[in-house]
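Chain and residue survey
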Amino acid sequence: MKTVHLLPFAGCALLVQGVQAKEPVKKPNIVIILADDLGFGDISAYGRNGIETPNIDRIADEGLRFCNGYASSSTSTPSRYSLLTGRYPWREGAQVLPGDAPLIIREELPTLPKMLKEAGYVTGAVGKWHLGLGKGQVDWNREIVPGAREVGFDYSFITAATNDRVPTVFVENGRVANLDPNDPIEVSYRKNFPGEPTGKENPELLKIKPSHGHNQSITNGIPRIGFMRGGKSALWVDEDMADTFLSKATGFVKEHRDEPFFLYYALHEPHVPRVPHPRFAGKSPLGPRGDVVLEADWCVGEFLNTLDSLGLSENTIVIFTSDNGPILDDGYVDEAIERLGDHKPAGPFRSGKYSSYDGGTHVAFLVRWTGHIKPGKSEALVCQMDFCASFATMLGKENETRDGENVLDALLGRSKQGRKELLLDACGNNVLLRQGDWICIPPMVNEGYWVPPMESGRMKSSQLFQVKKDIGQKNNVAEKYPKRVQAMEKRIKEIRY
Ligand code: NG6
Ligand code: CA
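Here we summarise the structure given alongside this text. (Residues numbered from 1 in each chain as written. Chains lettered and ligands numbered in written order. Predicted model: local features only at pLDDT ≥ 70, side-chain atom pairs only at ≥ 80, totals over all residues. Heavy atoms only, no water.)

One open sheet accounts for 4 strands, arranged β17-β18-β19-β20; its pairing is antiparallel. Each of the sheet's edge strands pairs with one partner strand only, and the pair in question is β17 (421-426) and β20 (463-466). Averaged over neighbouring strand pairs, the angle between their axes works out to 20° when direction is ignored. When strand β19 (residues 438-441) meets β20, the two strands line up antiparallel, connected through 4 bridges. Looking at the pairing, isoleucine 439 lines up with phenylalanine 465 of β20. Contacting β17, β18 (430-435), β19 and β20, helix α9 (residues 482-496) runs over the sheet at an angle of about 115° to β18. (Pairing = 2+ DSSP bridges. Helix = DSSP H or I, 4+ residues; strand = E, 2+ residues; numbered from the N terminus. Axes fitted to C-alpha atoms, helices over the stretch in contact; angles between N-to-C directions. Contact = heavy atoms within 4.5 Å.)

Let us look at the sheet that holds strand β4 (residues 64-70). Strands sit in the order β8-β7-β6-β5-β13-β3-β14-β15-β4-β16 across an open sheet of 10 strands; the sheet is mixed. At either margin of the open sheet sits one strand with a lone partner, and together these are β8 (175-176) and β16 (376-383). Note that strand β3 (residues 29-35) and strand β13 (residues 261-266) share 5 bridges and pair parallel. Bridge pairing links isoleucine 32 to tyrosine 264 in β13. Relative to strand β15 (residues 365-368), helix α1 (residues 54-62) is tilted by about 65°, and along the sheet it contacts β4, β14 (316-322) and β15.

Glancing now at the packing of aromatic side chains. Within this structure, the stated rule accounts for 20 aromatic pairs. Both rings, one in phenylalanine 66 and one in phenylalanine 365, keep their centres 5.4 Å apart while their planes meet at 70°; by these two values the pair is edge-to-face. One end of the pair, phenylalanine 66, is in strand β4; the other, phenylalanine 365, is in strand β15, with 299 residues separating them in the sequence. Judged on exposure class, the residue phenylalanine 66 and its partner phenylalanine 365 are both buried. Sitting over the ring of tyrosine 357, arginine 350 keeps its end group 4.0 Å from the ring centre. (Phe/Tyr/Trp six-rings, centres within 6.5 Å; stacked < 30°, edge-to-face > 60°. Buried < 20%, exposed > 50% of the residue type's maximum accessible area, 1.4 Å probe, protein only. Lys NZ or Arg CZ within 6 Å of the ring centre and 35° of its normal.)

The subject of this paragraph is the nonpolar core. By size, the foremost hydrophobic cluster in this structure holds 109 residues, and its most contacted members are Leu112, Trp129, Trp140, Tyr265, Phe303 and Phe320. In terms of residues, this core owes the most to one element, helix α6 (residues 288-309), which gives 8 residues. For tryptophan 140, the contacting residues outside a window of four places in its chain are Gly99, Asp100, Leu133, Ala160, Pro167, Val171, Val176, Leu179, Ile185 and Val187. With 27 residues, the next largest nonpolar core counts Tyr357, Ala426, Ile439 and Ile495 among its residues. (Core = buried A, V, L, I, M, F, W, Y, C linked by side-chain atoms within 4.5 Å.)

This is the structure:
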């Protein structure tokens, strides 16, 4: 591996390892754009489908398109936990959190933003958080500590959990944005506040109806999970959420254009409720789910244009991926199933969100670094959990994460070899193993959560798939290769304990 000495920058000489450059380069900015519940097949770069995503495709065309890129888990909280900490999520028992959960990333753990801060980066998080905030019972009317800052972010503008959970407000640098102190916020996941309408009792107030769950407090005519009252001036408007996040993301980049920055830009699309800005409503043949994918794609385009206009594209690594696989009906009546047509949200993979099958975690994974990464495709096995270890290596630092591996050469397209093996976490902390081209799903340990008619992939007996030959996991060959099943299940135990 070559070490390139860089121009003195921000007052000190910098090193970037593993970068082949004809000329000295500055420490690259790093941007991770993380979609929420977007499937491999939802972007046109991975094949023909029912919607066009020209802006996300631009990252693919100008960068590396990974065909074996993974989120750690088939749901959000565990997947994000792992991306930011380089640790397997089941080590912490991470599961989908309610909106009033405390922060699950222990403050002493190394994290991607902390590592980059130590390397001289300014760090920002914009968008969906879903890793808990505060300690014990949170008072939303005061500073909420610990939060994104304690995880390593200098700046943050986030939702506490998901766009279908209360509190339906933004938290900026630890404080609820636009909160009127005379109208305090209260949140409960146990019981309603007297006199407050709910989706269950007041269906006449709803502009979107639930299909399952989602019948508690109402914000913006949309019933949510959890109860809240107060904070009227701080409540978000779903239709404007994409524009709000985009302006915070581009604002962060503009403000820090002259120093190395790391931005974690966590889009809320296409998670439910799917409420596009009127500019995008009705624009896709797939209904609201398609409309919000178009909205997300537009945001990515605007973001890339901002990098271009600031002259930052050549010095910024842009990663685009998703926290888990796709789902159609995730709790609201929005015609996602009815208007699907031939579109295949998970591409060639089986099932999607929540599942142990590949559609749960095998996601879009694009890396662009203009002038440094040769555009193309990569078959290397890579995981979001490896970002911290890989970028630490790039910056000449030690990998301090427990489970992350340095796959920098694969990420930069300099090697075809990524990981040899990877544990994946299906909903319910059911762990499975991908080893080379084999996937072994052991008998389930927890039923976990899933939405019929999705296939959970959790069974009482072992399953084995040879995914090179059988990408759609149609043939369970566990009975044919019992020794391999045994060896892989043993390996899972070795890594776990
Ligand atoms: C489920 C929700 C689902 C979604 C999911 C989390 C119900 C019935 N379903 O419990 O709508 O919010 O949690 O999704 O409440 S994730 O992408 O953040 O993991
Ligand atoms: Ca998700």
